[in-house]
Amino acid sequence: MNSKENLVFLGMMGSGKSSIGSLVSKKLNIDFIDIDKKIEKRIGLKISKIFDKNGEKYFREIEEIETLKSLKNKKTVISLGGGAFLNNKIKKEILDNHISFWLNWDVKTLVNRIKDSKKRPIVHKSSRNEIEELIKKRSIIYSKAMYKIDCENLTKNEIVKKIIEIYEKS
Ligand code: S3P
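What comes next concerns the included structure. (Residues numbered from 1 in each chain as written. Predicted model: local features only at pLDDT ≥ 70, side-chain atom pairs only at ≥ 80, totals over all residues. Heavy atoms only, no water.)

## As for the environment of Ser70
Of note, Ser70 is situated in helix H3 (residues 47–70). Owing to a relative accessible area of 0%, Ser70 belongs among the buried residues under this scheme. On a C-alpha basis, the gap between Ser70 and Ile35 in space is 8.0 Å, while along the polypeptide they are 35 residues apart. In this structure, Ser70 is in contact with Asn6, Ile33, Ile35, Lys38 and Ile78, ignoring residues within four places of it in sequence. (Helix = DSSP H or I, 4+ residues; strand = E, 2+ residues; numbered from the N terminus. Buried < 20%, exposed > 50% of the residue type's maximum accessible area, 1.4 Å probe, protein only. Contact = heavy atoms within 4.5 Å.)

Spelled out as structure tokens, the structure:
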């Protein structure tokens, strides 16, 4: 890994970006940043409350600032929020300068994980079909990541192992 690069985890809500990112950072003994947590700390509110109080546009502005700031780190594991990679500035910075992993799962698995989540304002009031469509649309953009990890038939430990193997070869 080039010393300027970070290891970035992206993908849909419920894909395990935070938990896998945290495990990988522990294994590699390097720092870990969860962007959603940084935003919650900065604003002093949970993500769902930020959406309720200030709206999505405001959240996306803070998300862009915090993500680009965190990407200035070196050799850090960074887990994005599910919508961050859709932002062109964030996407370009990641594709140009960092190692990125898309945690890919079957659409049905993701829908089952997130459909009743009150913590996730983007899908909170959506139907199954709407969530499926969102996943399919976003997957086209997530697929630009440097590495796609098909997680469906792997345990958490196997996913982490696979990522570390790729990282060590890179
Ligand atoms: C979002 C995903 C969430 C959070 C916000 C918006 C999205 O992060 O940033 O609710 O648009 O996909 P997680 O992917 O960590 O749930």
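## A look at the site of the ligand
Within the structure, the ligand sits among 13 residues, and Lys17, Asp36, Arg60, Gly82 and Arg138 are positioned closest to it. The contact in question runs from an oxygen atom of the ligand to an N or O atom on the side chain of Asp36, over 2.6 Å. At a separation of 3.3 Å, an oxygen atom of the ligand approaches a polar backbone atom of Gly83. Protein contact buries 93% of the 380 Å² of open area that the ligand shows by itself. Residue contributions to the shell around the ligand peak at three residues, all from H3. By residue class, the composition of the shell around the ligand is five nonpolar, three polar and five charged. (Near = heavy atom within 4 Å. Polar contact = N/O pair within 3.5 Å; in protein donor to acceptor, adjacent residues only side chain to side chain. Areas by Shrake-Rupley, 256 points an atom, 1.4 Å probe, with all protein chains shown as cover. Nonpolar A, V, L, I, M, F, W, Y, C, P; charged D, E, K, R; others polar.)

## Section: the pattern of salt bridges
For the coordinates displayed, the defined rule picks out 13 salt bridges. Notably, a salt bridge pairs Glu56 with Arg60, separated by 2.9 Å at the nearest N-O pair. You can see Glu56 and its partner Arg60 sitting in helix H3, four residues apart, about one turn around the helix. Overlapping salt bridges bring together Lys38, Arg42, Glu66 and Lys69 as one network. (Salt bridge = Lys/Arg side-chain N within 4 Å of Asp/Glu carboxyl O.)

## Some thoughts on the side chain of Thr67
With respect to the element layout, Thr67 can be found in helix H3. Judged by relative accessible area, which is 0%, Thr67 ranks as buried. With residues up to four places along the chain from it excluded, the contact list for Thr67 reads Ile35, Leu80, Ala84 and Ile90.

## Comments concerning the nonpolar core
With 47 residues, the main nonpolar core has Leu7, Phe9, Val24, Leu80, Leu103 and Ile163 as its most contacted residues. Sequence-distant contacts of Phe9, that is, excluding residues within four places in its chain, are made with Lys17, Ile20, Gly21, Val24, Val77, Ile78, Ser79, Leu80, Phe101, Leu103 and Ile163. (Core = buried A, V, L, I, M, F, W, Y, C linked by side-chain atoms within 4.5 Å.)

## Examining helix H1 (residues 17–28)
The end-to-end C-alpha separation of H1 is 16 Å, in line with the 16 Å expected for 12 residues at 1.5 Å each. What H1 keeps buried is the set Lys17, Ile20, Gly21, Ser22, Val24, Ser25 and Leu28. Each element contacted by the buried residues of H1 is listed here: strand E1 (7–10), strand E2 (32–34), strand E3 (77–79), strand E4 (99–104) and helix H7 (156–169). Positive phi appears at Asn29, one or two residues downstream of H1, with a value of about 60 degrees. (Expected span 1.5 Å × (residues − 1).)

## Some words on the pairing of E4
Most of E4 sits inside the fold, with six of its six residues counted as buried. Where E1 and E4 come together, four bridges link them in parallel fashion. Residue pairing for E4: Leu7 is matched across the bridge by Ile99. The sheet contact formed by E4 and strand E5 (residues 147–150) spans four bridges and is parallel. (Pairing = 2+ DSSP bridges.)

## Observations regarding the sheet that holds E4
Across the sheet, which stays open at both edges, the five strands sit in the order E2-E3-E1-E4-E5 with parallel pairing between neighbours. Strands with a single pairing partner mark the edges of an open sheet, and in this sheet they are E2 and E5. Along the sheet, successive strands turn relative to each other by an average axial angle of 20 degrees, direction set aside. Sitting on the sheet, H1 is in contact with E1, E2, E3 and E4, with an inclination near 160 degrees to E1. (Axes fitted to C-alpha atoms, helices over the stretch in contact; angles between N-to-C directions.)

These values are about where atoms sit, not about what they do.
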